[in-house]
Amino acid sequence: YGRDNFFKRLIEMNIANLAGVPSVVYGLLGLGFFVSTLGIPHGIVLVGAFTLTLRVLPIVIVSSQEAIRAVPASHRHASLGLGTTQWQMIRTVVLPQSIPGIMTGTILALANAMGETAPLIMIGAATSIFTAPKSLFSSFSALPLQIYAWSDFPKQEFQHGVTPAAIIVLLIILLGMNGIAIFIRHRFRTKKS
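Residues numbered from 1 in each chain as written. Predicted model: local features only at pLDDT ≥ 70, side-chain atom pairs only at ≥ 80, totals over all residues. Heavy atoms only, no water.

Side note on the packing of aromatic side chains
Part 1 of the argument: If you walk through the whole model with that rule in mind, you get 3 aromatic pairs.
Part 2 of the argument: Ring geometry for Phe 33 and Phe 34: centres 5.2 Å apart, planes at 70°, overall edge-to-face.
Part 3 of the argument: A relative accessible area of 40% means that Phe 33 is categorised as partly exposed.
Part 4 of the argument: Residue classification places Phe 34 among the buried residues on the basis of a relative accessible area of 9%. (Phe/Tyr/Trp six-rings, centres within 6.5 Å; stacked < 30°, edge-to-face > 60°. Buried < 20%, exposed > 50% of the residue type's maximum accessible area, 1.4 Å probe, protein only.)

What follows is the structure, encoded as structure tokens:
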């Protein structure tokens with residue numbers, strides 16, 4: 001029992017530490033593991049998705065863990081006292097009460113990933129592409145990288161048209177995702193009470 005508890009605390013501590021690691025380290029991890037070790041070509045959608053998944057996963061795990069811990073122990077004990085099994089208690093009490101926190105943490109982590117550029121630069125994402133990717137093995141660029149590249153173009157259309165429009169699109173998407181997170185949290189809270 002003590003050994004299991006030690007490993008549980010060790011894993012929790014490492015996941016919490018991974019949530020604070022700078023994003024460029026995840027780019028190096030993606031480059032080293034997905035490109036060098038697994039041999040997947042660099043700068044493609046698949047490598048970018050895997051790398052950003054690694055970046056977001058610790059944040060989602062920590063927020064989900066906190067949401068599950070926030071469910072009062074009295075609710076769990078009451079459910080078990082009524083004769084439910086452990087799985088029934090998790091399914092009917094813990095998950096419904098923790099879903100708002102889990103969803104909010106997930107959406108905010110995804111919004112965080114949308115603004116990431118350092119890991120994508122490390123895995124060789126293109127700084128400027130003018131066509132959408134056709135498959136998971138196509139080259140891609142992230143919107144923040146595009147904005148940075150377009151801001152350096154000398155044409156007036158890019159300086160005063162395309163670049164500000166792309167910034168507004170990115171802001172609208174990020175604000176929309178944050179709004180969805182707030183809506184989900186509010187909806188589940190009002191449904192509970």
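That was the structure; now back to the text.
Describing the pattern of salt bridges
Where charged atoms from two side chains of opposite charge approach closely, those side chains can pair.
Part 1 of the argument: Scanning the model with the defined rule gives 3 salt bridges in all.
Part 2 of the argument: Across the pair Arg 69 and Glu 12 runs a salt bridge, and its minimum N-O distance is 3.1 Å. In this pair, Arg 69 is assigned in helix α3 (residues 45-69) and Glu 12 in helix α1 (residues 2-18), connecting sequence segments 57 residues apart.
Part 3 of the argument: The closest approach of N and O atoms between Arg 69 and Glu 66, which form a salt bridge, is 3.4 Å. With Arg 69 and Glu 66 both in helix α3 and 3 residues apart, the pair spans about one turn of that helix.
Part 4 of the argument: By relative accessible area, Arg 69 is classed as partly exposed at 46%. (Salt bridge = Lys/Arg side-chain N within 4 Å of Asp/Glu carboxyl O. Helix = DSSP H or I, 4+ residues; strand = E, 2+ residues; numbered from the N terminus.)

Overview of the packing of α3 against helix α5 (residues 86-114)
Part 1 of the argument: It is at 8 Å that the axes of α3 and α5 come closest, and there the two elements cross at 150°. Judged on the interaxial angle alone, α5 and α3 are roughly antiparallel. Judged by the sense of rotation from one axis to the other, the crossing of α3 with α5 is right-handed. The segment α3 lies against α5, with Leu 52, Arg 55, Val 56, Ile 59, Val 60, Ser 63, Ser 64, Ala 67 and Ile 68 engaging Val 94, Ser 98, Gly 101, Ile 102, Gly 105, Thr 106, Ala 109, Asn 112 and Ala 113.
Part 2 of the argument: For the contact of α3 with α5, the class distribution of residues is 10 nonpolar, 7 polar and 1 charged. (Axes fitted to C-alpha atoms, helices over the stretch in contact; angles between N-to-C directions. Parallel < 35°, antiparallel > 145°, perpendicular 65-115°, else oblique. Left-handed = near helix turned anticlockwise from the far one by under 90°. Contact = heavy atoms within 4.5 Å. Nonpolar A, V, L, I, M, F, W, Y, C, P; charged D, E, K, R; others polar.)

Looking at the nonpolar core
Part 1 of the argument: With 13 residues, the main nonpolar core has Val 47 and Leu 120 as its most contacted residues.
Part 2 of the argument: If you list the elements that add at least two residues to this core, you get α2 (23-37) and α3.
Part 3 of the argument: With 3 residues, the single largest contributor to this core is α3.
Part 4 of the argument: When near neighbours in sequence (up to four residues on either side) are disregarded, Leu 120 contacts Gly 48, Leu 52, Ala 125, Phe 140, Ala 142 and Leu 145. (Core = buried A, V, L, I, M, F, W, Y, C linked by side-chain atoms within 4.5 Å.)

Some points on the environment of Gln 97
Part 1 of the argument: As for its position among the elements, Gln 97 is in helix α5.
Part 2 of the argument: Given a relative accessible area of 22%, Gln 97 falls into the partly exposed group.
Part 3 of the argument: At 2.9 Å, the side chain of Gln 97 forms a polar contact with the side chain of His 75. (Polar contact = N/O pair within 3.5 Å; in protein donor to acceptor, adjacent residues only side chain to side chain.)

Concerning the environment of Val 93
Part 1 of the argument: Assignment of secondary structure puts Val 93 in helix α5.
Part 2 of the argument: C-alpha separation for the pair Val 93 and Glu 12, spaced 81 residues apart in sequence, amounts to 23 Å.
Part 3 of the argument: Contact partners of Val 93, with chain neighbours within four places excluded, come to His 75, Arg 76, Ser 79 and Gln 88.

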